[in-house]
Amino acid sequence: MGSAKKSSASRSARIEEMRRAEKARERRTRILVIAASVVVVAGLVAGSVVLVQSQSDDDGGTAADSKSSGKFVAGDDGVRKWEGELGRNHVTKAVDYPASPPVGGDHNPVWMNCNGDVYTDEINNTNAVHSLEHGAVWVTYNASAEKADVDALAAKVKKTPYTLMSPVDGQKDPIMLSAWGHQRTVTGADDPNLDTFFEKFVQGKQTPEPGAACTNGLSE
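Residues numbered from 1 in each chain as written. Predicted model: local features only at pLDDT ≥ 70, side-chain atom pairs only at ≥ 80, totals over all residues. Heavy atoms only, no water.

J.: Break down the packing of aromatic side chains for me, with residues and values.
T.: The full count for this structure, using the stated rule, is 2 aromatic pairs. Ring centres of Phe72 and Trp82 lie 5.1 Å apart, and the angle between their planes is 90°; on these two criteria the pair is classed as edge-to-face. Linking Phe72 in strand E1 (residues 69-74) with Trp82 in strand E2 (residues 80-85), this pair joins segments that are 10 residues apart in sequence. On the numbers, 4.5 Å between centres and 45° between planes, the contact of Phe197 with Phe201 is tilted. (Phe/Tyr/Trp six-rings, centres within 6.5 Å; stacked < 30°, edge-to-face > 60°. Helix = DSSP H or I, 4+ residues; strand = E, 2+ residues; numbered from the N terminus.)

J.: Before we move on, could you go through helix H4 (residues 192-201) and cite the residues and values that matter?
T.: Those residues of H4 that sit buried are Leu194, Phe197, Phe198 and Phe201. Projected down its long axis, H4 carries its buried residues within an arc of 100°, all on one side. Facing away from the buried surface of H4 by more than 90 degrees, the exposed residues are Pro192 and Lys200. Backbone nitrogen of Asn193 and a side-chain oxygen of the N-cap are separated by 2.9 Å at the start of H4; the cap is Asp191. (Buried < 20%, exposed > 50% of the residue type's maximum accessible area, 1.4 Å probe, protein only. Arc of directions from axis to C-beta. Polar contact = N/O pair within 3.5 Å; in protein donor to acceptor, adjacent residues only side chain to side chain.)

J.: Account for unusual backbone geometry, naming residues and giving values.
T.: Each neighbour pair has its own omega, and for Ser100 with Pro101 the value is 0°, a cis peptide bond. Mapped onto the elements of the fold, Pro101 is located in the loop between E2 and strand E3 (115-118). Of note, Tyr162 is a non-glycine position whose phi angle comes to about 60°, a positive value. Mapped onto the fold, Tyr162 is located in the loop between helix H3 (147-158) and strand E5 (163-167).

J.: Outline the state of the cysteines, supporting the account with residue identities and numerical values.
T.: Simply put, disulfide is the name for a covalent bond between the sulfur atoms of two cysteines. Counted under the stated rule, the structure contains 1 disulfide. Two residues share a disulfide in this structure: Cys114 and Cys214, whose sulfurs sit 1.7 Å from each other. The sign of the S-S torsion, about -90°, decides the handedness of the disulfide formed by Cys114 and Cys214: left-handed. With Cys114 in the loop between E2 and E3 and Cys214 in the segment after H4, this residue pair connects regions lying 100 residues apart in the sequence. Both residues of the pair, Cys114 and Cys214, count as buried. (Disulfide = S-S within 2.5 Å.)

Here you go:
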């Protein structure tokens, strides 16, 4: 019991520290946005010429190569780890990921907001993968998940920075948890493996870009 309380206190302290860091990053971002506005406008004018040329050469309908290869290997703890390459290039096309939900690979330059954000509609995989790169845990569910579990999971996500949640109809199990390079299935909102996964992978050692923002991205 004492150990459980200690772990909970440690997790709460880490979450509070992440909240403070996120607020500081937001302040810095606002300052940088104002300072860079003139440069951005000039860049847009020049970039529009390049964009038009790029669009004329691009059919726009072909999925990008995910630059990912490998397979999942299941651990004794039930967590499946991706063994192989996970690309990290920024792309603007759809990506054909080898897993659903994906656990990494090439992704959109803009991340999905993941500061405890709950989405009721499906979101773009390429934006969600960018969130995983920032150290977020992505909670997903399909139509077979119990409504009570979905509601309880949403309440937990809303209280946890560096998490996001959305439906994924094509996934094989009712409720799944994904982090960069890692994934597992849980039986419901009361499955103790849920807290264990959050504790280990929210801003965990697997994070390619620890401390990167989970706000000021896409919100829908």
